[in-house]
Amino acid sequence: MAKGVKPRVKVPKTAAAGDTITIKTLISHKMESGQRKDDDGNVIPRSIINRFTCDFNGENVIDVVLEPAISTNPYLEFEAVVPEAGEFVFTWYDDDGSVYDTSKKIAIE
Amino acid sequence: MELTRRNAILMGAGAVLIAGVPLKVAAAAGADEIAAFTGGAEIGAGDIKLIAPEIAENGNTVPIEVSSDTAVEILVLALGNPTPPVATFKFGKLSASRAASTRIRLAGTQEVVAIAKLADGSFVQDTSTVKVTIGGCGG
Amino acid sequence: MKKLTGVMLASALVATPLIAEPVDDTLILNEDVTLVTRTAAPAHVADVMDEVISGWHFRGTETRAMQADDFDNPGMIFVEQAEDVWNTAEGSEGKSCASCHGASEEMAGVRPVYPKYNEAAGEVRTLEMQINDCRENRMGAEKWKYTGGDMVNMTALIASVSRGMPVNVAIDGPAQSTWEAGKDLYYTRTGQLELACASCHEQNYGNMIRADHLSQGHINGFPTYRLKNTKLNAVHARFKGCVRDTRAETFKPGSPEFVALELYVASRGNGLHVEGPSVRN
């Protein structure tokens, strides 16, 4: 597991059934591109988050393939429909095989 | 500038650089990725919008947004990067809009391309040129 | 999404001119607190400028927007990391920062008055010096490197709880001699390029230096998350970078020279609100 990786998500606590909500996510990760060299001129190996998914009660909201051109501390913003009360699950996949996840519950107003 | 022999040579060399390099890049960059995404289908214009700043203060963190009404999948490429692919967004059943924002790295001033696969199976694209300044004094 | 679209469109309209005055805009943090980012110059700089303007106004539309929301501001990741450290006991005394100081919010009001004269020590101290004093003498822990990650993260946490409070460092009384030493440095040209702080940040703010838009060089936004190196940057690291850019041998972070300079530069921004961690290019 890469050091200092910490997911953050911003989801409203409540919504009306059928509402559209904006979700913001960010994970602290250096996203080493594989293009940089260290002081001795050796290429620093690529080490990135390569995929992100967001699901709600088992249905997919968005599935993103991330490449080395995504900035350090990958940020993603998108919109979801909330058909009912439930839980969003956010998952980040690291090149090194680590999987980071976090979840947020949302209630219906 | 005085037009000396030396300067004339320099200007000539500059002209070759300006004329030659972008053409070469435009022909090759991203072609494989685009072919893999579209399966060789023709790419038109239409229901896809790419929003990127005209000038980025630093190429390390450039905010972009893609949006479409009917896309099922959107591929983003930065044609001037050492490796052009940036991200592929696949929209699921519960996505409220076919739109997403992120922050990307651009190796220099270049064209960013978003190609959308629409629900009817057709492909459309939008491009945006981002000028990247080497801003920010060292520190 | 809509908000970002608006920001982008606005940027397309204003981004064209290369020589630009500071942008006319209002910094509203988290759609809640309006920060003072330009105000009348304090008396001791009123002879050279009428108004002091935060570096926020000299940055691009997207960069400014990134600072206005704590979720969008990548510097807040490090504030969260420091919050964990704040509550973790370390050293021979088994104490955390919280053991003495309580919640980190209790530190509101500290950042605006530092650097500050310490009576017992008989010297002007920066926040970093005070943090290391706590670590060594109260916690029995190892000192942190002056501009290291742990230190800059902790100063970001302490600054963050004072956002919306005006910088107000004391420049008279026992601090006066240090302040005057800092002022001397501010106007001293250094390096092969023979540039003083004032050359760029007093005489040329608003102009472009190569591709960079020169600010007034206030430090109310420090530590600052830079898009350039995607991490928090400490004030003394910035000073070092500036002096090095004049092609001079620089003073060391934490040196008496930089402590004096920090007090003087902070005082030029007295009245501007604390913004740290800010976002810059």
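Here the structure is a predicted model, which is why all the values come from computation and not from measurement.

Calculation notes
- Residues numbered from 1 in each chain as written.
- Chains lettered and ligands numbered in written order.
- Predicted model: local features only at pLDDT ≥ 70, side-chain atom pairs only at ≥ 80, totals over all residues.
- Heavy atoms only, no water.
- Buried < 20%, exposed > 50% of the residue type's maximum accessible area, 1.4 Å probe, protein only.
- Helix = DSSP H or I, 4+ residues; strand = E, 2+ residues; numbered from the N terminus.
- Contact = heavy atoms within 4.5 Å.
- Axes fitted to C-alpha atoms, helices over the stretch in contact; angles between N-to-C directions.
- Parallel < 35°, antiparallel > 145°, perpendicular 65-115°, else oblique.
- Nonpolar A, V, L, I, M, F, W, Y, C, P; charged D, E, K, R; others polar.
- Buried area = accessible area lost by both parts, 1.4 Å probe.
- Salt bridge = Lys/Arg side-chain N within 4 Å of Asp/Glu carboxyl O.
- Polar contact = N/O pair within 3.5 Å; in protein donor to acceptor, adjacent residues only side chain to side chain.
- Pairing = 2+ DSSP bridges.

### Quick look at helix 5 (residues 127–139) of chain C
Residue and element names in this part refer to chain C. Regarding helix 5, the residues found buried are L127, E128, Q130, I131, N132, C134, R135 and M139. On the buried face of helix 5, the contacting elements are helix 4 (97–101), strand 5 (116–118), strand 6 (123–125) and helix 6 (149–160). Positive phi shows up at G140, right after helix 5, with a value of about 70 degrees.

### Side note on the packing of helix 5 of chain C against helix 6 of chain C
The relative placement of two packed helices is expressed as an angle between their axes plus a distance between the axes. All names here are of chain C. One can describe the packing of helix 5 onto helix 6 by two numbers: an axis separation of 10 Å at closest approach and a directional angle of 110 degrees. Compared by their axis directions, helix 5 and helix 6 come out roughly perpendicular. The residues of helix 6 that touch helix 5, namely those facing L127, E128, I131 and N132, are M151, M154, T155 and I158. Looking at the contact of helix 5 with helix 6 residue by residue, the classes come out as 5 nonpolar, 2 polar and 1 charged.

### Considerations on the interface of chain B and chain A
At the junction of the two partners, chain B supplies 26 residues and chain A supplies 29 residues. Of the roughly 2,200 Å² buried where chain B meets chain A, counting both sides, 52% is carbon and sulfur surface. Looking at the side of chain B facing chain A, the largest losses of area belong to L94(B), R103(B) and R105(B), adding up to 33% of the total buried there. Between the two partners, chain B and chain A, sit 1 salt bridge. When the shortest N-O distance is used, the salt bridge between E59(A) and K93(B) registers 3.2 Å. There are 21 residue pairs in polar contact (both at pLDDT 80 or more) connecting chain B and chain A. Class assignment for the residues of the side of chain B that touches chain A results in 12 nonpolar, 10 polar and 4 charged.

### Brief notes about the sheet that holds strand 11 (residues 278–280) of chain C
The strands that make up a sheet pair up through hydrogen bonds in the backbone, lying either parallel or antiparallel. Residue and element names in this part refer to chain C. With mixed pairing, the 3 strands of this open sheet are ordered in space as 10-9-11. This sheet does not close on itself; its edge strands, each paired only once, are strand 10 (231–233) and strand 11. Direction aside, the axes of adjacent strands within the sheet are offset by 40 degrees on average. As defined by bridge partners, strand 9 (residues 224–226) adjoins strand 10 across 3 bridges and the pair is classed as antiparallel. Residue pairing for strand 10: R226 is matched across the bridge by K231.

### Points about the pattern of salt bridges
Enumeration according to the criterion identifies 24 salt bridges over all chains in this entry. Here R111(C) and E262(C) are joined by a salt bridge, their closest N and O atoms 3.5 Å apart. In this pair, R111(C) sits in the loop between helix 4 and strand 5 while E262(C) sits in helix 10 (residues 256–268), placing the two residues 151 residues apart along the sequence. Per residue, the accessibility class of R111(C) equals that of E262(C), and both read buried. Ionic contacts of the salt-bridge type, sharing partners, join the residues K6(A), R8(A), E80(C) and D84(C) into one network.

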